[in-house]
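# Results of the structural survey
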Amino acid sequence: MGEKARGSLVIIGGAEDKRGDKTILKRVVDLIGGGNANLLIITTATENFEKAESEYREVFGQLGVSNINVLNINTRDQANEKNIDERFKNATGIFFTGGDQLRITSILGGTKVNNALFDAYRRGVPIIGTSAGASAMSSTMIVEGNNNDPARKCTLKMAPGLGLLNGAIIDQHFDQRGRLGRLLCGVAENPYMLGIGIDEDTAIEITSDDHFEVLGSNAVTIIDGKTIKSSNVSELMPNEILSITNVTLHVLPKGYGFNMKTREVIRLN
């Protein structure tokens, strides 16, 4: 991708508070420029884009953002329209709504919109994603897997993501939908990657130096596969229960951070 991107990422586990204190979304507004922000919302993940647009126009308007633009892109032709990249040039923040992460990558991947997104990121524009918009940020993303189920081989479907975040696999609605097993499978298959499971109304804010801080009311689960001694994930017998040993796991609420380079937990206060 050329020069190192300088933007920050805010990756939200979904169902962020939009009616109460709005802690995460307030932080997003501060990060993108407060009342002077120029927010671009991309609703590609959902087919019900009218509802998503209305919801986020309302909540960001309540938080003082008056300049809100929305891209309802549903086809690759739309993502390659002439001058579509102009919509990104004045953005101080770009927000991906929830829905289906495979819609994001299959519709936007390799298009003018994809290129404009990376150009904005390199300029230092924060990129924010919630739910499906969170999963799509990594270079490899979870598309499908069992919820509330033991870690089981051959039940996980993964695909290339947008590639804004390298070296990690993101999962969202994490504790609420019982997704520890499927993230363990993802890390067993890709032990060089960090597995990052983000609960609802919880987020991580990643800076350009690969540190992140936990935000919100619940927790972030980190699975570090570098310490794995053995697993049976590559053996035959589909649907067998996963065996994995010596995996490192952290559970971090707000007040904690993490260094993704050194893989060390940071106590912030």
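Our structure is the block above this text.
These remarks concern the structure in this document. (Residues numbered from 1 in each chain as written. Predicted model: local features only at pLDDT ≥ 70, side-chain atom pairs only at ≥ 80, totals over all residues. Heavy atoms only, no water.)

What follows concerns the overall build of the chain. Each helix and strand counted, the chain has seven helices and 17 strands in total. Taken over C-alpha atoms, the radius of gyration comes to 18 Å for the chain, in line with the 18 Å a tight globule of 269 residues would show. Overall, the C-alpha framework of the chain stretches about 50 × 45 × 35 Å when taken along its three principal axes. Across the 269 residues of the chain, 54% fall into the buried class. Contacts spanning at least 24 positions in sequence make up 73% of the contacts within the chain whose residues lie at least 6 apart. Counting every atom, the chain has about 11,700 Å² of accessible surface; 45% of that belongs to carbon and sulfur. The distance from the centre of the 29 positive side-chain charges to the centre of the 32 negative ones in the chain is 3 Å. (Helix = DSSP H or I, 4+ residues; strand = E, 2+ residues; numbered from the N terminus. Rg over C-alpha atoms; globule rule 2.2 N^0.38 Å. Buried < 20%, exposed > 50% of the residue type's maximum accessible area, 1.4 Å probe, protein only. Contact = heavy atoms within 4.5 Å. Areas by Shrake-Rupley, 256 points an atom, 1.4 Å probe, with all protein chains shown as cover. Lys, Arg positive; Asp, Glu negative; His and termini not counted. Charge placed at Lys NZ, Arg CZ, Asp CG, Glu CD.)

This part takes up the environment of Ile 196. Secondary-structure assignment places Ile 196 in strand S9 (residues 194-198). For Ile 196, a relative accessible area of 0% translates into the label buried. Put simply, Ile 196 and Gly 14 are 182 residues apart on the chain and 14 Å apart in space, counted from C-alpha to C-alpha. Among all residues touching Ile 196, those that are not within four sequence positions of it are Ala 168, Ile 169, Ile 170, Asp 171, Leu 183, Ile 204, Phe 212, Val 220, Thr 221 and Met 260.

This paragraph deals with the packing of aromatic side chains. Evaluation of the coordinates by the stated rule reveals four aromatic pairs. Here Phe 60 and Phe 95 contribute two aromatic rings whose centre-to-centre distance is 5.4 Å and whose plane-to-plane angle is 75 degrees, an arrangement assigned as edge-to-face. Taken as a pair, Phe 60 in helix H2 (residues 49-62) and Phe 95 in strand S4 (residues 93-96) lie far apart in primary sequence, 35 residues in all. Each of the two residues, Phe 60 as well as Phe 95, counts as buried. Pairwise contacts between aromatic rings join Tyr 56, Phe 60 and Phe 95 into one cluster. (Phe/Tyr/Trp six-rings, centres within 6.5 Å; stacked < 30°, edge-to-face > 60°.)

We now examine the environment of Gly 216. Positionally, Gly 216 belongs in strand S11 (residues 211-216). By relative accessible area, Gly 216 is classed as buried at 14%. Each C-alpha atom, one on Gly 216 and one on Ile 198, is 10 Å from the other, the two residues being 18 residues apart in sequence. If we skip the residues at most four places from it in the chain, Gly 216 touches Ile 24, Asp 201, Thr 202 and Lys 254.

Quick look at the pairing of S4 now. Residues Gly 93 and Phe 95 of S4 are buried on one face, and the alternating residues Ile 94 and Phe 96, pointing to the opposite face, are buried as well. Relative to S4, strand S2 (residues 38-42) is paired through four bridges, and the arrangement is parallel. For Ile 42, the partnering residue across the bridge sits in S4 and is Phe 96. Here S4 pairs with strand S5 (residues 127-130) via three bridges, running parallel. Residue pairing in the sheet places Ile 94 in a bridge with Ile 127 of S5. (Pairing = 2+ DSSP bridges.)

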